[in-house]
Every structure is written in structure tokens, then in C-alpha cells.
Amino acid sequence: MSDVQRLLQGKIPGAATGIEVKKSICAICDPLTQCGLDLYIQDGRIIKVEGSKENPYSKGTLCSKGASTRQYVYSDDRIQTPLKRVGPRGEGKFEPITWDEALDTIASQLKQIKEQAGPETVGFFAGYAKFFRPFLKRLAHSFGSPNYMTESSSCYQAMSMAQKLVFGRPGGPDIMRADCLLVWSANPFHANPGNGRAIQNAKERGMKLIVVDPRVTPTSALADLHLQLRPGTDGALALAIAHVIIKEKLHDQDFVASYTYGFDEYKEYVQAFTPAKGEELTGVPASKIQEAARMYASVKRAAILPSASSVVHHTNGVQNYRAVFALAGLTGNYDVLGGNLVNPPSFIHTPGLIPTREHDFVQSRPWSDMPPRIGADRFPVWMDIIDEEAQAMHLPEQIRTGSPYPVKALLGFGLNYRMWPDSEGFRKSLEMLDFFVNVDIFMTDTCKYADIVLPACTSVERSELRCYGAGYIVFTQPAIAPRYQSRSDIDIIYDLASRLGLDDPLFQAGLDASIDWILEPSGITAAELKKHPAGMFVPNPIKPQERKYREIDFATLSGKMEFKSKVLEKYEDKSGHAALPVYTPPKYSLEATPELAKDYPFILNTGSRLPMFVHTRTFRLSWTSSLRPNFPSADMNPTDAVRLGIRQDDTIRIITPKDAVSVKANLTGMVQPGVIHMYHGHQAADVNRLFEEDYLDPLSGFPGFKSALCKVEKADERVVL
Amino acid sequence: MRELSKMVKNIAIIGNGCAAVECIKALRECGCNDTIHLFSDHSYPVYNPMLTTYYVAGKIDFSKLFPFGTNDELARTFNVRFHTRSPVMTLDTTEKVIVTADGLAVSYDRCLIASGASPVRPPIEGIHSGRVYTMRTVEDAIGLKTALEQKPTRVLVVGASMVGIKLVELFRAAGIDVCLADLATHLFPAAAHPDCAAVLAERLRENGVDLRFGTSLTRLEESGAGLLAYFAGDTMPERVDLAVICIGVRANTAFVDRNCIDTAAGVLVNERMETNVHGVYAAGDVAQGRNLLTGQPQIVGLWSNARYQGRTAGRNMAGEHDVFPGNIPHNITHFMNMDFIGIGDVKNYDKMRKYWDGNHFIQLFWQEGLITGANLVDSYTSSGVIRQALIKGLQQSCVHNQGTMPLVQDLLIRKIIMEVEQA
Amino acid sequence: MDKTIYLDVKRCVGCGACVVACMDQNDIYPEKGQPANRRVYQIEENQDQGIDICYLSVACQHCEDSPCTMACPTGAIRRDAATGGVAVNKSLCIGCHSCAIACPFGVPRYDAEGKLQKCNLCSERVEAGLEPACVRVCPQGALIFDNANSVQSLKEAAAANNIARIIRTQGDGCN
């Protein structure tokens, strides 16, 4: 082989091979810590990807999903042109149309619906990725609709709500400076590898690690202490830990005395949660509860790493997480270095150590100038606490009932009905819409219900602005031309804004001008950012400061950290929301519904991250799916499997009173006996159809995906999936 | 009788197989400058007997039978004096001299016996018919390949061995009807447990192979253009165009004075490949090293075993210290798109676990808490790890382990064993 | 060159990034029946309370005295003089699977033509001064490309660190 052939074989960039390296970021998963991509490009085509070493988060590495970027971009399932539905909804018959025809049709339909039924009857929905969210929110509000919704209706916002109810301003874990990290139901190794690496590094320098998780994970395997609770009992565990901390006087008495509200009632309430009671309620041995309380409370600086969804995917989720976050207040670990430090977000929920005008940009029309958001009646606490968006979990019902007002049209970006509980029910609700547009990279089952489908491009084919907690900022540039006729979601939004004739100067000025406007307080411009395709450190980063509450009150009604929520006090009588972080068992559980549990003896726990999948986004790739053969499958403990005569890869049926799905059995000790865990969103076995539409946390509207009741049967081999 | 110089230190290598060439390589790598004489019955370069069936099947060219290149190349690279077509008649360990068939006498200082093995033909009537073949040597391969040009329609393979199965495969691939016969009651009698053999036999029958087990061939008779093969107790003979006998091999020790050199089935050697006679070593299919499972001497007729033994012999002959502690019987044979693997002892066990899901077959055997045997079908990915598990269990310090990562290995081994135990 | 790829078992979390990066680098497509050069295993062991899990990312270990080389009947598996790794000459491979039973790590897999396919240490990348694709991608720093001595000193440094930590922790306890 000649030298050049060898260089080509190794995909070595340089003049000899004509292979060029271009910079981008990965947005296949979107934890708001996007990994940097080095794209090896030959003749305009990506031939290999690698992590960018410049990226302060990923530092040159990628996960299996990001490493699959090439298959993701070049998938045969990409939507190639705008499409107009020509068959019945769901059949999947479409005709290609031009962008002009598509966008003009959308603009005229939306304008007509707005005139006839009001702007609020048009919903704007953002699924993945998250880069276009500020622009879609502005589009919704400039259009006049309060109904900007996102996938954060089932992820993140309830966790944020719990923190806001306690502290007003959420604080993130300062892992690098913590002496003890309490990971409460997160597995960053499979969801957010940079955090995982930070934990490994901190562990090597001596940080203690406590992991609360019903599952055994690589994170729990690394822990000094793993509290393997029964799903949905997080609140009881947190209260029992608080009991030990208070009893042993390990709490921060100065902080409690000076900066908190409702401590006495809280202290009174946790009296009952002795370690023994904690063990009874959670399954975690009392001795471990004590050990965890001492480990967390006796070090100087301890941080809590929450998860955006696992704890709040319980019908008692927000209350449970309130009890967890109360621990940070109890021990004075809120807004301190090495604790849960408050870092105000700069852009898309992410702190970038720069001031921006994002809020003003996205809230182009104040809430008060618009009708109530979807879910306003049902989830009043959401409307009080969550400023960003409507609660989309109410969307299927409002489409179906037209109450309190009809929803006529949906403009979805990456909308996937499988995100909702009773996904089949929502699929049917979609059929009732007058007009439905979905923008996606791939032709999904949801797109088949749309009147018009628009092809979006991937992150490497577009520009997007992202901030990083390290004080880093990137405005990516397309590394390759968009495939087929696909376009960036942001381009689509700006084009639609124009065709809708919105009187919005920033939409009229274009993306770069909008970014300049958003970043104006930081002094950074789009032109400057374009000179740094891999991103740059921000000039004059805001220095992290602790205990800011000494100068500025907590953003709560009492102005203090609240063991007892003043917001919830308002609803205590009307809605029955307890003002203390009261523990109640999950809506369907052995404790709450013992009769049901007789017939449905297993706890159904769904959606924990697998390292190769993120929601439905990488199922179609052979590289990622090769890492998990025999998928879709459900995890069950080998002891349960032996009892039921189920072997590895046998087909089983998971049955709830609502519905049933058939999947392969995956026997693993990662799940406890008595628990079935199943990944969500798969076309061949969509576990969300097993949940009722209203199986929601009444506080947040979040679905109880992490604990319901089910039974398991070995499927008759003749059953066709 | 001619004599070569007795003044120079000579090393004599009897045989031209892979054990011989590994010995020569090791000698030179260790800096040995002595004169090396190599004696071979034939004039072919080092060949691999296992490749003969691949050659007959047309899967490889003739030249690929010889993985170490030509004799000339070896002679030049390692400075070896080749004596081809020179069968050794006498190895005189008292006088330290070798005498060949054509009268050449060569004195030696150290000698390696690496004369290999030859196929066994049972002493029955008609066994020397020109229509009866064996499959071991280059000549065997050429002979059978020529015979196949006559387009036989039905053949008899005697011996359900690793060679036998490869012959069955190549005959079936050529569209020839095959009868596979063995005195034993199942396939791979030495390496397979009856349960595993049953799985394989089913697959062979699906591939149109007639199996005739538990009966001995008693007589062969030429009849017209073919052969009649008579089996014990059967009145009806098997009518075939040709027969191939592959019931095993026997060590080539005719020139060895059994009064001087300890021999059993082969030449007995210790861990350094030394025989009981100082300066005389043996390696390869003629050498009987230690079976790590039984602790007893056993010939493990494997290409890699011969190479390790040859290399160990060479290092020790060069004055260095090296040991090859022994081996366990193990075989993998890939035929008709399936793999059969036999490792260790599948006959004696006090615990057995079997995994069989219709696609993959794994059977493990234990003795006194140690894994001592395994059978696998279509599970080659586990075979190396299981083999290693056996060896590691039996032998704490194994030369194979040098430079590897024991932790990774231990974990892999545990994973496979757990999977089988849980199944 | 005498560097090879090591796995720090303590840091491996089974994410599979290495497996995919290898497939991307080497244009391996499972849907075409092409096997991966690297595999990740999850190992679960029952303990008194629950289970222990650990992960292994395994590809060719490029053993110093490679058993596959000795077992190969055709000489298709040899040491590559340039990289010091174990290399395959596919034109010689007859697909006999002898290397499968020889390899203590269960590494050998066979391509659509039945020939041995395995890690070549990313030799072209390494010659160009780059790390092997799997090492470069690893988000946990579990895969290390270095020579044996350096890896040994890394491990010793880590061990020393641990000892220091234990002393420190115990010291704290006494205060």
C-alpha cells in the first residue's frame, strides 16, 4: 500500500488526503452540555467524527451516540423534502412539495385559525434538540399564543419546580469542589458522561459519593454508599435522612435560624421518619440511612446531583424532590462552593458566566397579554413557578375536550406522541386537530399524522448558539451543506415569522442580529463568534460567588429558603397540595392500592437511560443498536425470572390495567426483585401506552413513568408482536 | 560410510515440520551459531497437515500448504544444512551420530527429534487398495485431489475425527454422497460428549451425510471401478468409489532406540523438551509432553503445541532456560458453517452444565470444583476464554499469560461461566 | 513503537463509545454482517447485598507472545514490524477459527468472507501522531494508549494516591 493509500485508509487529515477537519457540536442528546465534534470531511462528506479537544465539557471525547454522528446524518430515514399529506392521517402517504408551498400553506392556515379562533388555539411545541427553543418561544408569543410547549413538560421543569419551591433559585452541584456528592437518582455515566468523568476525578481526589438509585448502575457501583430504594419512595428516604441529621444536630443551625421558613413544622414532621420507618417505607437498611446522613451532613461541603426526570417521574415526584433539596438547606449547602451553587442561566437554561437578554428575547409578549396557558387550570403551581412554558401533558385532553378553549393547530418541532403517557390516546387526539405540522429529521410515526412535514437538518448542517458552565460559548457554523432540502429549525422559524407577517423587528433582522441583541450585555457578537468555530472562552466571565442570599433575598414568597412552601400554602385547602414536603406513596403502589397490587405485583419503572440510546433518536442506527442486541427488551431480576420460568430473551408480556406490550426479557441484577424496568419510545414496544393519560403528579403534571403497577407473563410463542 | 567433521559442534534436527522450524528460529534468536543439520524424508518445505483438506477442497493454492516458505529460504535465513529425501535410519545416542538411509552419518552435539506422525491404517483386508486414501501429507493431498478429478459419486470416510469431518465437508461441497463411519457410537469420540455429538450429528444428517457409527470396518474389496466396504455384523457392504481412512496418527519413532530413549506412544519429554538422554530433545507430534489435566504424558497433536514445543526445545538447546509446562487437548473445527470445539476432558466429570438455545451449544464439565472440559457448537467466541479458564485453573504460571491482563481475563472467564451456570 | 491499548477496568462504565468510534474509524457496518473489533461486556456478580457490576471494553490485546500467531496454520497472523502490534494478512486467512480457541480474550471475529477481522491498533493514525480511535473517544479515560512501563507507573501513581487518601481520611477521623 502506498503512503497516501495508508493515510486514506487511516482517514488522516491533511493536504495529501484532502481530508479536512471542521468543527461542530453534537445535539443528538441534549443535556445542555453539548459535546464538541471534529468532523473529518472529504469531498463535502463526513467520513469520520471525533470529539473536539477545545470543548471544555467533552474535552475531545464522545459517547456512543455522538460517535454515531455519521450514521445519524447519513441515515436513509432522513426526510428529504417538505411533504404534504395525501392519505388519511397515520397512513404515511405524502407528496413532496416546495418549501414555498409548504411555508405559505402553514402561514395562511395559522393566520386563518388565529383570525377565526384566536392565537391561543395554535400550539407551538419543541421536542429535541433544544437550540431553537428561544426562537420558537418568541415565535409563539409574537404570534400571540401563550402555548409554547416543550419536552420539558416531562423532563427537568418539575425538578426545577421542586428547587424553586424550596429556594426560589435552583443551584447546581459544584462537583469539583465538593467533599461529598449525593447523587439522587442519576446515572451520568450513561446520560451525561462529562459529569461522570468529573465524579471519577473528584472521587480520585477523595470525594465521598453517595448514590440513591433503585437500580444498580455504574454510578452506584462507584459509590461509597448506595441507597437502593424502592422506586418512588425518595421523599421518605430524604425525610429519614433529615430525621437523623436533625436528631444528631448535624444541621447548619445558623443557616436554618437566619435564612429559612417553616423549620419547626418540618422538624416536627420528620420526627416520624426514624431510620427504622425509613427502612420500612423505602427498603433501604436503617443503618445505611444513618450512615448516609452522617456522611452528607458532616463534611464541610456537600452537593446534591439531581436528575432532570427520574425522581419527578413519580406521581409524588415534586414533593419527593422538595424533601431531597431541603437537605441542602438543612445542612447549609445551598449556594456555597462545593455545594449546590446558584449560577444564573445565560442561554437555554445554561449558565455561561455572561449576562444576556434571553428572557426579554423569548418573552416577546408578556403572559398577562395572552390567554392562560394550556394546563393553567389543572396545574396552577406550574403557572406560578414555571415561567417558560405551558404544561404539554394537558395537551391531549385539551385537544380532545376543547376545554377551557379549543386547540386547533399544532406546529411541532420534533414532536413525538410516544413521549406522553397513554401515547396511543395522544396519537388519536392528533387526528382531531384541524392542522398539524411536524418538523423532524426522520420520518417518525408522529409525522405520519401531520398535514405538512418539514425536513430539519442535524447539528452539523446548521448554526447554533450554546453556552457552557465553564464560561465558554460557541456559535457553530455548518460543517457540511444540509442534506437533501433539509433546513435548520431556526431558519424555518425565521422564514415562517416573515410569511406570517409578524410585526417583530428581531425576526425581521435575522438570526445574527437576534444573537447580537441577546448577547448585547456580554459584549460578544455573532461576528466575533464566527471567528471561533469551535467556540471561545467568554471575556470577563462572571466569577462564581457563594451565599448570594446574604445580599439578595431568596426568590420565594417568604424571601427565605422554605421548608414549608408559601406557594403551596395557597393551594393547601383547594387542591390538597401539602405545604410541607409530605411523603405519600406513588398513586399506584402496594402501599396506596394494595388490591390492585395483588393482580399487578410488579413495580413498572421505565425510561432509565441506556448508554446507546436517547429517547428514540438512535434506535435506527446500526452502530448504537449493535450495542444492545435483542432490543426492545425489559429488564427483570433473575430471581423473578426463575420464579416465572422466564429465560434470557424470552418474549414476555408486560400488562397494566390500561394495556399490554410484548418485549424480550433481559435478565439483570441491575433491577431489584419485584421491579420491571423498560426503556421507552420504541415503535415495536411502546411502554408509555401502559400508562393512563392522567397518571400525573398533580403538582407538576409530570407523568409517573418511574412507578406504576404491572404484571408479567411469559408470552405464548405464537403471539405475534 | 562417509563422515562429516566431528570437530564442529553440530545440531541435528530430525524432521521438517513446524516444531523443527520453531526450534531453528529459537536457536538462532538465542544467538546459537552451531551448524544445524536438518533431515527430512521428503523434499517438500515445512507444510501444515491441517491445510491438506483445504488444498483438496480448492480453498487454497498448493503453495499455501507451506506457511514458512521454501527450504531454500529457510536455509538462507537461518543458515541450515538441509538433507532432504534423507530418512533417518538410526539415532545412535551413545556415539551421538545420525545415519540416514543413503548412508550419510552426521555427528551431533544436540539433537531434536521432530519426526512427526503418520496416519494409521487398520490391519484389515484390502486396506492397501489404491482406492483407499489417508489425509496427512502433501502426497496424500495430491493423491486425493487427483482422485476427485475422476468425479466419484459416493465415498466412505472412516473416522469421525477432525480430519474426517473436513473431508466430509469437502466431499459434500463437491456434490459427492458421503458415508461417515466410526467404530465409536458418536461423532468426535475423543473430543465430544454424546450430547454435543448428537447436536452435530443432526446437523450432518441435515446436510445429507450418512452416518454409520458403532461398527468396525472389517474388509475392503475392489469391485469394478469402486470399493465394497464390509462392516462387522452387516451383511450389506457399503458401495463407494473410494475410501479415506482417518482414524488417527502414530508417532514416527522407527529410528528411535527404545532401549535408550524413553518412549511410550511418543518420545517422552519434560518441560524443557528434554528426553531422558542428555542432549536429545523432542518436539511436535512425536513428542509426548504433559497433559496438564491428568498430569500424565500425552501427545497433543496440535500445530500450536508443536510450535511451542519446538521453540522451547530450541531455547534450551541454545543454553537458555525455557519451559513449556504442557497442554490440554483442545480442538476447533469449522465445517459446513458450524464450529465444533472440544476442550479438555469431557468424559470424566462430577458436574456438568449445558446451555442450548437451538443456536448456541455450550457444555462445561467440572472435576472437584475446577473446570476440566468443554464442548461448544457455534460458540467460538467463548472458546478461547474457556480454554484459558481451564489452563488457569490448572496452572498458575502459564507461558501464554505473559504480557496480558489477568484481571480482564478473569472477568471474562467469570462472565461466561456465570452465563452457562444460570442457563 | 511499543505502545498498546490498556483498559483501566475501574474507569470503564460500559458506554460503548469505543466500540462505535472503532466502527466509524474502520467503516464497520453491523447491518452488513461485519463484526465489531471491540466489544463491551457487562459483568454482574451476586454479592450478599445486591450485585456488583463492572464493565470491560475488550479488543485485541496485541499480546507480546500472541497465542493466535502460534495457532494460525497459515502464518496469516504476524507481528507488524512498524506498530509492534499483531496484524492479520487477510489474503492468507482460511477462516479455520484456530485463532478463536487460542485467544484468551475471546477476541477473534470473522468478516463476511469468513476471514479474521480485528483491531490493527489504528496503525495509520498512530503513525500520523494520533491516538487510536477508541482511546481518543473514551469519555472516562478508561482506555489508555501507552507503553507498558508508563502504564505501570500510572498504576503505581494511582495506588500511591489512594494510599495517601486513606492516610488523609484516617487522619481526619482522628482530629
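Everything below is about the structure printed above this text.
All values derive from a computational prediction rather than experimental measurement.

Asks: Honestly, the overall build of chain A in this entry has me stumped. Any pointers?
Replies: What chain A contains, in helices and strands, is 27 helices and 27 strands. For a compact globule of 721 residues, the expected C-alpha radius of gyration is about 27 Å, and chain A comes in at 25 Å, within 12% of that figure. C-alpha atoms of chain A, sized along the principal axes, occupy 70 × 65 × 65 Å. Per-residue burial over chain A gives 65% buried out of 721 residues. Contacts spanning at least 24 positions in sequence make up 72% of the contacts within chain A whose residues lie at least 6 apart. Seen as two clouds, the 81 positive and the 83 negative side-chain charges of chain A have centres 3 Å apart.

Asks: Is there a simple way to explain the sheet that holds strand 25 (residues 351-356) of chain B in this structure?
Replies: Each strand in a sheet pairs with its neighbour through backbone hydrogen bonds, running either in the same direction (parallel) or in the opposite one (antiparallel). Residue and element names in this part refer to chain B. With respect to topology, five strands assemble into an open sheet ordered 23-24-27-26-25, the strand pairing being antiparallel. Because the sheet does not close on itself, it has two edges, and the strands there are strand 23 (330-335) and strand 25. Going from strand to strand, the sheet's axes swing by 10° on average, the running direction of each strand aside. In terms of strand pairing, strand 26 (residues 361-367) meets strand 27 (residues 370-377) through seven bridges, oriented antiparallel. Residue Ile362 lies in a different strand from strand 27, and its bridge partner there is Leu376. The strands that helix 5 (residues 162-173) touches are strand 23 and strand 24 (338-344); relative to strand 23, the one it contacts most, it runs at about 5°.

Asks: Explain the sheet that holds strand 3 (residues 45-51) of chain A to me, please; I cannot follow it from the model alone.
Replies: Residue and element names in this part refer to chain A. The strand order across the open sheet formed by three strands is 1-2-3, and the pairing between neighbours is antiparallel. Each of the sheet's edge strands pairs with one partner strand only, and the pair in question is strand 1 (20-25) and strand 3. Pairwise comparison of adjacent strand axes, ignoring direction, gives a mean angle of 30° for this sheet. Judged from the six bridges that link them, strand 2 (residues 36-42) and strand 3 form a sheet pairing that is antiparallel.

Asks: How should the arrangement of the chains be read in this particular structure?
Replies: Of all two pairs of chains that touch, the greatest number of contacts is found between chains A and C. Contact between chain A and chain B is absent, and the least distance between their C-alpha atoms amounts to 8 Å.

Asks: Teacher, can you tell me more about the nonpolar core here?
Replies: Across soluble globular proteins, you tend to see nonpolar side chains buried next to one another. Residue and element names in this part refer to chain A. Of all hydrophobic cores here, the largest spans 163 residues; its most connected members are Leu139, Leu454 and Ile473. The leading source of residues in this core is helix 4 (residues 99-117), at seven residues. Among residues more than four places away in sequence, those in contact with Leu139 are Phe124, Leu411, Ile493, Ala497, Leu500, Leu502 and Phe507.

Asks: What should I look at first to understand the interface of chain C and chain B in this one?
Replies: Interface size, as often reported, equals the accessible area lost upon joining of the parts. Tallying the contact residues gives 42 residues for chain C and 38 residues for chain B. Viewed at the interface, chain B and chain C are joined by one salt bridge. Across the salt bridge formed by Asp65 of chain C and Arg311 of chain B, the nearest N and O atoms sit 2.7 Å from each other. Our count for the contact surface shared by chain C and chain B stands at eleven residue pairs in polar contact (both at pLDDT 80 or more). For the side of chain C that touches chain B, the secondary structure elements donating two or more residues are strand 1 (4-7), strand 2 (39-46), strand 3 (51-58), helix 2 (67-71), helix 3 (98-102) and strand 6 (109-110) of chain C. It is strand 2 of chain C that provides the largest number of residues to the side of chain C that touches chain B, a total of five residues. Classifying every residue of the side of chain C that touches chain B by side-chain character gives 25 nonpolar, eleven polar and six charged.

Asks: What's the story with the packing of aromatic side chains in this structure? I'm lost.
Replies: Aromatic rings considered in pairs are described by the distance between their centres and by the relative angle of their planes. Applying the stated criterion to the full structure yields 48 aromatic pairs over all chains. Geometrically, the ring pair formed by Tyr259 of chain A and Tyr549 of chain A is edge-to-face, given 4.7 Å between the ring centres and 65° between the ring planes. Taken together, the residues span a long stretch of sequence, with Tyr259 of chain A in helix 11 (residues 253-259) and Tyr549 of chain A in the loop between strand 20 (536-537) and strand 21 (561-562) at a distance of 290 residues. Ring geometry for Phe68 of chain B versus Trp303 of chain B: centroids 6.0 Å apart, planes at 35°, classification tilted. One end of the pair, Phe68 of chain B, is in the loop between helix 2 (52-56) and helix 3 (71-78); the other, Trp303 of chain B, is in helix 7 (residues 303-317), with 235 residues separating them in the sequence. Under the relative-accessibility criterion, Phe68 of chain B is labelled buried at 18%. Through a chain of ring-to-ring contacts, three or more aromatic side chains come together here, namely Phe167, Phe255, Tyr259, Tyr334, Tyr549 and Phe554 of chain A. Against the face of Phe361 of chain A rests Arg138 of chain A, its NZ or CZ located 4.7 Å from the ring centre. A cation over an aromatic ring shows up here: Arg138 of chain A above the ring of Phe507 of chain A, its NZ or CZ 5.9 Å from the ring centre.

Asks: Which parts of the structure should I look at to understand helix 20 (residues 489-499) of chain A?
Replies: For an α-helix, the turn length of 3.6 residues means that residues three or four places apart are oriented alike. All names here are of chain A. Counting buried positions along helix 20 gives eight out of eleven residues, so the element sits mostly inside the fold. Taken residue by residue, helix 20 has Asp489, Ile490, Ile492, Ile493, Tyr494, Asp495, Leu496 and Ala497 as its buried positions. The distance from a side-chain oxygen at the start of helix 20 to the backbone nitrogen of Ile490 is 3.1 Å, and the residue carrying that oxygen is Ser488. With its phi angle positive at about 65°, Gly501 sits one or two positions after the end of helix 20.

Asks: Looking at this structure, I do not really get the interface of chain A and chain C. What am I missing?
Replies: Across the contact, 48 residues belong to chain A and 41 residues belong to chain C. Taking both sides of the interface into account, the surface hidden between chain A and chain C amounts to around 3500 Å²; carbon and sulfur atoms contribute 49%. Three residues, Arg6, Gln200 and Trp623 of chain A, lead the burial of chain A against chain C; their summed loss comes to 16% of the area buried on that side. The interface formed by chain A and chain C contains seven salt bridges. Note that Glu50 of chain A is salt-bridged to Arg125 of chain C, the shortest N-O span being 2.9 Å. At the junction of chain A with chain C, the criterion picks out 29 residue pairs in polar contact (both at pLDDT 80 or more). It is helix 8 (residues 193-204) of chain A that contributes the most residues to the side of chain A that touches chain C, seven residues altogether. Broken down by class, the residue content of the side of chain A that touches chain C amounts to 16 nonpolar, 19 polar and 13 charged.

Asks: Honestly, the pairing of strand 8 (residues 110-113) of chain B in this entry has me stumped. Any pointers?
Replies: Regular strands show a simple pattern: their side chains alternate between the two faces of the sheet. Residue and element names in this part refer to chain B. Taking every second residue as pointing to the same face, both faces of strand 8 are buried, with Arg110 and Leu112 on one and Cys111 and Ile113 on the other. Sheet topology note: the strand 2 (residues 10-14)/strand 8 ladder contains four bridges and is parallel. When the bridges of strand 8 are listed, Ile14 appears paired with Ile113. The sheet contact formed by strand 8 and strand 20 (residues 280-282) spans three bridges and is parallel. For Cys111, the partnering residue across the bridge sits in strand 20 and is Val280.

Definitions and limits used
Residues numbered from 1 in each chain as written. Chains lettered and ligands numbered in written order. Predicted model: local features only at pLDDT ≥ 70, side-chain atom pairs only at ≥ 80, totals over all residues. Heavy atoms only, no water. Helix = DSSP H or I, 4+ residues; strand = E, 2+ residues; numbered from the N terminus. Rg over C-alpha atoms; globule rule 2.2 N^0.38 Å. Buried < 20%, exposed > 50% of the residue type's maximum accessible area, 1.4 Å probe, protein only. Contact = heavy atoms within 4.5 Å. Lys, Arg positive; Asp, Glu negative; His and termini not counted. Charge placed at Lys NZ, Arg CZ, Asp CG, Glu CD. Pairing = 2+ DSSP bridges. Axes fitted to C-alpha atoms, helices over the stretch in contact; angles between N-to-C directions. Core = buried A, V, L, I, M, F, W, Y, C linked by side-chain atoms within 4.5 Å. Salt bridge = Lys/Arg side-chain N within 4 Å of Asp/Glu carboxyl O. Polar contact = N/O pair within 3.5 Å; in protein donor to acceptor, adjacent residues only side chain to side chain. Nonpolar A, V, L, I, M, F, W, Y, C, P; charged D, E, K, R; others polar. Phe/Tyr/Trp six-rings, centres within 6.5 Å; stacked < 30°, edge-to-face > 60°. Lys NZ or Arg CZ within 6 Å of the ring centre and 35° of its normal. Buried area = accessible area lost by both parts, 1.4 Å probe.

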